[in-house]
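# Fold and contact review
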Amino acid sequence: MLWLRITLINLIKLRGNYHYRRCVPAALIGFIDKKFVQKSTGTSNRIEAGLIAREIDATNERYWAMLRSDDSAKAWHTYYDICRQASILQLYYRSADELATEPLEEILRHAESL
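Here is a short report on the structure shown in this document. No experiment lies behind these values; they were computed from the predicted model shown.

Conventions we followed
- Residues numbered from 1 in each chain as written.
- Predicted model: local features only at pLDDT ≥ 70, side-chain atom pairs only at ≥ 80, totals over all residues.
- Heavy atoms only, no water.
- Salt bridge = Lys/Arg side-chain N within 4 Å of Asp/Glu carboxyl O.
- Helix = DSSP H or I, 4+ residues; strand = E, 2+ residues; numbered from the N terminus.
- Buried < 20%, exposed > 50% of the residue type's maximum accessible area, 1.4 Å probe, protein only.
- Contact = heavy atoms within 4.5 Å.
- Polar contact = N/O pair within 3.5 Å; in protein donor to acceptor, adjacent residues only side chain to side chain.
- Pairing = 2+ DSSP bridges.
- Axes fitted to C-alpha atoms, helices over the stretch in contact; angles between N-to-C directions.
- Phe/Tyr/Trp six-rings, centres within 6.5 Å; stacked < 30°, edge-to-face > 60°.
- Lys NZ or Arg CZ within 6 Å of the ring centre and 35° of its normal.

## Focus: the pattern of salt bridges
Taken as a whole, this structure holds 2 salt bridges when the rule is applied. The residue Asp57 makes a salt bridge to Arg22 at a minimum N-O spacing of 2.8 Å. On the criterion of sequence distance, the pair formed by Asp57 in helix H2 (residues 46-68) and Arg22 in strand S2 (residues 17-23) is long-range, its members being 35 residues apart. When the shortest N-O distance is used, the salt bridge between Arg22 and Glu61 registers 2.5 Å. In this pair, Arg22 is assigned in strand S2 and Glu61 in helix H2, connecting sequence segments 39 residues apart. Here Glu61 falls in the partly exposed class, since its relative accessible area comes to 31%. Here the residues in one salt-bridge network are Arg22, Asp57 and Glu61, joined through shared partners.

Take a look at the structure:
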């Protein structure tokens, strides 16, 4: 019998699903303009969430490494690709001021889609 131990990293449970959450490295907050990165794993299963969180974490590490490197053009293209993919999924960045003008029901609908 083979035993596999999976260490769950950076997970919190919100509204029934696990979410990946991690502090943005202090040196990169100026680039990213956030203190934390948070993303739903889309599952309530701890093992699945752990595997998804590892993938999210690896993606963040690669992106942060590009930002730290001199190859900022590559980092920008990666960011642009991510934004394009989010747009296809009808996910758009809005500032807190913009969100505050929307009805509460709309804000909650957006939050639940994450």
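Having seen the model, we can carry on.
## A short note on the environment of Asn10
Tracing the sequence through the fold places Asn10 in the segment before strand S1 (11-14). Owing to a relative accessible area of 30%, Asn10 belongs among the partly exposed residues under this scheme. Residues Asn10 and Cys23, 13 residues apart in the sequence, show an inter-C-alpha distance of 9.4 Å. Other than its neighbours up to four places away in sequence, Asn10 contacts His19, Tyr20, Arg21, Arg22 and Asp57.

## Some words on the side chain of Thr41
Take Thr41: it is sitting in the loop between strand S3 (36-40) and H2. You can call Thr41 buried: its relative accessible area is 9%. At 2.7 Å, the side chain of Thr41 and the backbone oxygen of Tyr18 are in polar contact. Those residues within four positions of Thr41 in sequence are excluded, and the remaining contacts are Leu11, Tyr18, His19, Tyr20, Ala49, Ile52 and Ala53.

## Here we look at the sheet that holds S3
Across the sheet, 3 strands lie side by side as S1-S2-S3; this open sheet has antiparallel pairing. Whereas interior strands pair on both sides, the edge strands pair on one side only; in this sheet they are S1 and S3. Within the sheet, the average angular offset between the axes of one strand and its neighbour, ignoring direction, is 30°. Pairing of S2 with S3 involves 5 bridges; the strand directions are antiparallel. When the sheet's bridge partners are listed, Cys23 is paired in S3 with Phe36. Docked against the sheet, H2 engages S1, S2 and S3, running at close to 30° with respect to S2.

## Focus: the packing of aromatic side chains
All told, the structure shown has 0 aromatic pairs when counted by the stated rule. A cation sits over an aromatic face here: Arg21 above Phe36, 3.9 Å from the ring centre.

## Quick word on the environment of Lys39
With respect to the helices, strands and loops of the structure, Lys39 is situated in strand S3. Judged by relative accessible area, Lys39 falls into the partly exposed class, the value being 47%. Taking C-alpha positions, Lys39 is 6.7 Å from Arg21, a pair spaced 18 residues apart along the chain. Beyond its immediate chain neighbours, meaning those up to four positions away, Lys39 contacts His19, Tyr20 and Ile56.

Bear in mind that shape data such as this cannot, by itself, settle questions of function.
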